[in-house]
Amino acid sequence: MDIMEGLLRSLIHSADIAVENPSDYEARSNIMWIATWALNTLVAKGKTTDWMVHMLGQGVAAHTDATHGMTLAAVSMPYYRYILTYGTARFARYAENVWNVNPEGKTEIQVANEGLDAMEAWMKKIRLVMNITELDAAEAMLDGMVKSTLIMDGGYKVMDADDIRAVLQASF
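Only a predicted model underlies this, so the values are computations on that prediction, with no experimental measurement involved.

## Comments concerning the pattern of salt bridges
Right, so step 1: As enumerated under the stated definition, the model contains nine salt bridges in all.
Right, so step 2: Arg-93 is paired through a salt bridge with Asp-2; the nearest N and O atoms lie 2.5 Å apart. With Arg-93 in helix H5 (residues 88-99) and Asp-2 in helix H1 (residues 2-20), the pair connects residues that are 91 residues apart, well separated along the chain.
Right, so step 3: A salt bridge links Glu-114 to Lys-106, with the shortest nitrogen-to-oxygen separation between them at 2.8 Å.

Structure below.
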């Protein structure tokens, strides 16, 4: 987990620079290196991983003209908040080690939520898409998006169609 947390801290740093100065080659190249390391199999060794957020994004992409990155951003916060209770300890660790949330005097769930709040604030700061409405998704597309979302085994919780519907509904 330490490697992934380091990559996330580096991503936050480099993305902040790249948003401020889009022609900063070093920041942009660091983002590409971070993406390469995050998606190779080394960081997944010895632990379980959760790719369901990607499947949710692909379900949205099947019904919009949005890129994968845009759909991921739009469904991330609703998904993480939905599964928070299934991985509270990991989310709390993420909050402390990536977002520097001080756990003193707080419950594990409070720390985890504070980390997600910090993530959401940062996503807004760098102007990411925050909901699927911004991608021209409409409520009438919901059934199709649910059916287009591949259910994956593993992760924090094996989702079913009702779970997927709830997350996508919260993404509007």
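## Considerations on the environment of Gln-110
Right, so step 1: Within the secondary structure layout, Gln-110 lies in helix H6 (residues 108-125).
Right, so step 2: Residue classification places Gln-110 among the partly exposed positions, given a relative accessible area of 42%.
Right, so step 3: Distance from Gln-110 to Asn-30, taken between C-alpha atoms, is 32 Å for residues 80 residues apart in sequence.

## Considering the side chain of Glu-5
Right, so step 1: Checked against the element boundaries, Glu-5 lands in helix H1.
Right, so step 2: In this structure the side chain of Glu-5 is engaged in a polar contact, spanning 3.2 Å, whose partner is the side chain of Asn-97.
Right, so step 3: Once you skip the residues sitting within four places of it in the chain, Glu-5 turns out to touch Arg-93, Asn-97 and Val-98.

What counts and what doesn't
- Residues numbered from 1 in each chain as written.
- Predicted model: local features only at pLDDT ≥ 70, side-chain atom pairs only at ≥ 80, totals over all residues.
- Heavy atoms only, no water.
- Salt bridge = Lys/Arg side-chain N within 4 Å of Asp/Glu carboxyl O.
- Helix = DSSP H or I, 4+ residues; strand = E, 2+ residues; numbered from the N terminus.
- Buried < 20%, exposed > 50% of the residue type's maximum accessible area, 1.4 Å probe, protein only.
- Polar contact = N/O pair within 3.5 Å; in protein donor to acceptor, adjacent residues only side chain to side chain.
- Contact = heavy atoms within 4.5 Å.

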